[in-house]
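Letter by letter, the chains look like this.
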Amino acid sequence: MAIDRMDFTGASGATLAARIDRPAGRVKASALFAHCFTCGKDIAAARRIAARLSVLGIAVMRFDFTGLGHSGGEFANTGFTSNIGDLVAAAEHMTAQGLAPSLLIGHSLGGAAVLAAAARIRSAKAVVTIGAPADPGHVLHNFGAALETIRTAGEAEVSLAGRTFRIARSFIDDVEAARLTPAIAALDRALLVLHAPRDATVGIENAGQIFTAAKHPKSFVTLDDADHLLTRAEDADYAAEVIAAWASRYLDLAETPPADAPEGITRVIEADPDGFLQDVVVGSSHRLLGDEPASYGGRDAGPSPYQFLTAALGTCTAMTIRMYARRKEIALEHVSVDVSHHKIHAEDCAACETKAGKIDRFQRVIRLTGDLDLPTRKRLLEIADKCPVHRTLENEVLIETRLEE
């Protein structure tokens with residue numbers, strides 16, 4: 001995955017900061033992501049969803065709305081209407097880059113904005129909302145007692161998520177005047193509504209109102225016990241996987257595995273820069289996840305590197321025994337192999353030539369089922385040591401590494 005940083009001109013003329021998460025392989029589709037109210041393009045949910053979708057072949061642009069993050073302009077002068085304008089400007093910029101967005105994704109108020117902007121983004125074929133309000137005016141409850149001050153004084157400072165923003169009366173008037181229902185009814189795009197039943201910021205009833213107002217095709221998927229901001233990595237990953245699977249029905253996505261690797265190549269692609277999650281692609285047929293346990297800072301979403309190594313030894317051992325038994329017509333009904341890996345002090349290994357430092361110890365436990373006499377079982381145990389991976393681990397290995405130009 002590569003991340004391109006760029007700027008473009010927003011609806012008010014301010015310079016807006018953006019990033020595009022590009023797939024390592026061919027771009028199968030492009031998506032435009034709108035962040036939540038007063039958040040930013042680099043909020044964890046946006047980063048994780050963009051990263052996961054890029055691994056699945058979808059380029060994702062995320063940007064800071066006017067006056068937020070690294071974008072220029074004054075937030076106090078913005079509103080729901082300006083957010084819509086910024087989205088349209090972002091889509092036009094993507095189109096100029098050859099990445100016309102076919103998928104629009106909006107989180108919270110960003111979800112309401114993509115619903116309203118979709119009619120002006122002709123390339124969009126599908127829309128996804130995540131924890132979106134059915135009424136943009138829903139955000140006003142965040143202002144608390146300051147809301148009345150804004151109405152009477154014309155503006156006031158409001159503390160949101162630990163940051164202070166100056167909110168003008170024009171913002172209040174703008175969101176109160178916005179009506180989403182007509183836009184949802186006339187959407188004319190496939191719609192996916194994602195919402196957590198326990199969302200304490202935007203209640204689940206909002207998802208029901210959006211879904212009811214929309215015409216088919218439409219889908220509704222709950223995010224179980226996720227919070228409003230999808231702060232847990234596994235919730236953001238799940239949302240991304242659902243989006244990709246759903247979007248494949250409406251977008252022109254090839255059915256080949258994401259980021260196909262050439263024949264004979266195992267390609268490992270970082271899927272989460274904040275953790276250790278990796279996408280492992282073997283040729284054009286197989287895709288796996290690699291990770292570390294939570295105790296090592298991972299999420300335990302897949303085997304660790306050493307677990308992959310023990311799996312290679314175990315599968316090779318079982319296959320080698322089966323091949324020999326088949327060729328010799330041995331009555332072997334079933335074989336299974338347990339493999340464990342540990343680091344031990346070399347001095348504790350009586351059979352090892354190395355006596356300093358630590359060495360790797362693999363332990364195998366082989367179970368053979370069938371009408372097998374003792375000599376046959378011993379012979380199959382000897383055959384286990386002829387497994388090619390076993391021999392590779394015991395022999396001298398040459399690893400050559402270079403940086404791609």
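Before going into details, it helps to say that this report is about the structure given with it. (Residues numbered from 1 in each chain as written. Predicted model: local features only at pLDDT ≥ 70, side-chain atom pairs only at ≥ 80, totals over all residues. Heavy atoms only, no water.)

## Quick look at the overall build of the chain
Summing up its helical and strand segments, the chain has 11 helices and 15 strands in all. For the chain, whose C-alpha radius of gyration is 27 Å, the value lies well above the compact-globule estimate of 22 Å for 405 residues. Expressed as lengths along the three principal axes of its C-alpha atoms, the size of the chain is roughly 95 × 50 × 45 Å. When each of the 405 residues of the chain is scored for burial, the buried share is 48%. Put simply, 61% of the contacts in the chain that link residues at least 6 apart link residues at least 24 apart. For the chain, the exposed surface amounts to about 20,400 Å²; the carbon and sulfur share of it is 50%. Averaging the positions of the 43 positive and the 52 negative side-chain charges in the chain gives two centres separated by 4 Å. (Helix = DSSP H or I, 4+ residues; strand = E, 2+ residues; numbered from the N terminus. Rg over C-alpha atoms; globule rule 2.2 N^0.38 Å. Buried < 20%, exposed > 50% of the residue type's maximum accessible area, 1.4 Å probe, protein only. Contact = heavy atoms within 4.5 Å. Areas by Shrake-Rupley, 256 points an atom, 1.4 Å probe, with all protein chains shown as cover. Lys, Arg positive; Asp, Glu negative; His and termini not counted. Charge placed at Lys NZ, Arg CZ, Asp CG, Glu CD.)

## Let's talk about the state of the cysteines
As enumerated under the stated definition, the model contains 2 disulfides in all. Covalently, C36 is tied to C39 through a disulfide, its sulfur atoms 1.9 Å apart. Its torsion about the S-S bond being -100°, the disulfide of C36 and C39 is classed as left-handed. The pair C36 / C39 is uniform in exposure class, with both members buried. Put simply, C316 and C387 are joined by a disulfide, and their sulfur atoms are 2.4 Å apart. One quick way to see it: the torsion about the S-S bond of C316 and C387 is about 130°, and its sign makes the bridge right-handed. Taken together, the residues span a long stretch of sequence, with C316 in helix α9 (residues 305-327) and C387 in the loop between α10 (374-384) and α11 (388-394) at a distance of 71 residues. Its relative accessible area of 0% is what places C387 among the buried residues. (Disulfide = S-S within 2.5 Å.)

## Let's talk about the sheet that holds strand β12 (residues 278-282)
Judged by pairing direction, the sheet is antiparallel, and its 3 strands sit side by side in the order β11-β12-β13 without closing on themselves. What marks the edges here is a single partner per strand, and that holds for β11 (266-270) and β13 (286-290). Neighbour to neighbour, the strand axes of the sheet diverge by 25° on average, direction disregarded. Direction of pairing for β12 relative to β13: antiparallel, over a ladder of 5 bridges. Note that in β13 the partner of V282 across the bridge is H286. (Pairing = 2+ DSSP bridges. Axes fitted to C-alpha atoms, helices over the stretch in contact; angles between N-to-C directions.)

## Observations concerning the pairing of strand β3 (residues 29-34)
β3 sits mainly inside the fold: 6 of its 6 residues count as buried. Side chains A29, A31 and F33 of β3 all project onto a buried face; the interleaved residues S30, L32 and A34 project onto the opposite face, where all are buried too. Of the strand pairs in this sheet, β3 and strand β4 (residues 58-63) are connected by 5 bridges, and their pairing is parallel. Paired with A29 across the two strands is I58, which belongs to β4. Regarding the hand of the β-α-β motif, the stretch spanning β3, helix α1 (residues 44-55) and β4 is right-handed. Here β3 pairs with strand β5 (residues 103-107) via 4 bridges, running parallel. Residue A34 lies in a different strand from β5, and its bridge partner there is G106. (Right-handed = clockwise from strand over helix to strand, strands pointing away.)

## A word on the side chain of H35
Examined against the element boundaries, H35 turns out to sit in the loop between β3 and α1. A relative accessible area of 3% places H35 in the buried class. At 3.4 Å, the side chain of H35 and the backbone nitrogen of G40 are in polar contact. Engagement of the side chain of H35 in a polar contact is seen with the backbone nitrogen of F65, the distance being 3.2 Å. When neighbours within four sequence positions are excluded, H35 is seen to be in contact with G40, K41, F63, D64, F65, L68, H107 and G110. (Polar contact = N/O pair within 3.5 Å; in protein donor to acceptor, adjacent residues only side chain to side chain.)

## Things to note about the pattern of salt bridges
Pairing between side chains of opposite charge can happen when the charged atoms of each approach one another. For the coordinates displayed, the defined rule picks out 18 salt bridges. As a salt-bridge pair, D173 and R169 come within 2.9 Å of each other at their nearest N and O atoms. Note that D173 and R169 are positioned in helix α5 (residues 169-177) at a spacing of 4 residues, about one turn of the helix. D279 is paired through a salt bridge with R287; the nearest N and O atoms lie 3.0 Å apart. Look at R287 and you get partly exposed, because its relative accessible area is 32%. Salt bridges linked by common partners bring R19, D21, K41, D42, R62 and D64 together as one network. (Salt bridge = Lys/Arg side-chain N within 4 Å of Asp/Glu carboxyl O.)

## Regarding the packing of aromatic side chains
Counted according to the given criterion, the structure contains 7 aromatic pairs. Note on F37 and F75: the rings are 6.2 Å apart at their centroids and 45° apart in plane angle, and the pair reads as tilted. With a gap of 38 residues between them, F37 in the loop between β3 and α1 and F75 in the loop between β4 and α2 (80-96) connect regions that are remote in the sequence. Here F37 matches F75 in class, with each residue buried. Measuring from centroid to centroid gives 6.1 Å for F211 and F220, while their planes differ by 35°, and the two rings are tilted. Judged by its relative accessible area of 24%, F211 falls in the partly exposed class. Take F220: its relative accessible area is 35%, and that puts it in the partly exposed class. Through a chain of ring-to-ring contacts, three or more aromatic side chains come together here, namely F8, F63 and F65. The ring of F211 has K218 lying over it, and the distance from NZ or CZ to the ring centre is 4.5 Å. (Phe/Tyr/Trp six-rings, centres within 6.5 Å; stacked < 30°, edge-to-face > 60°. Lys NZ or Arg CZ within 6 Å of the ring centre and 35° of its normal.)

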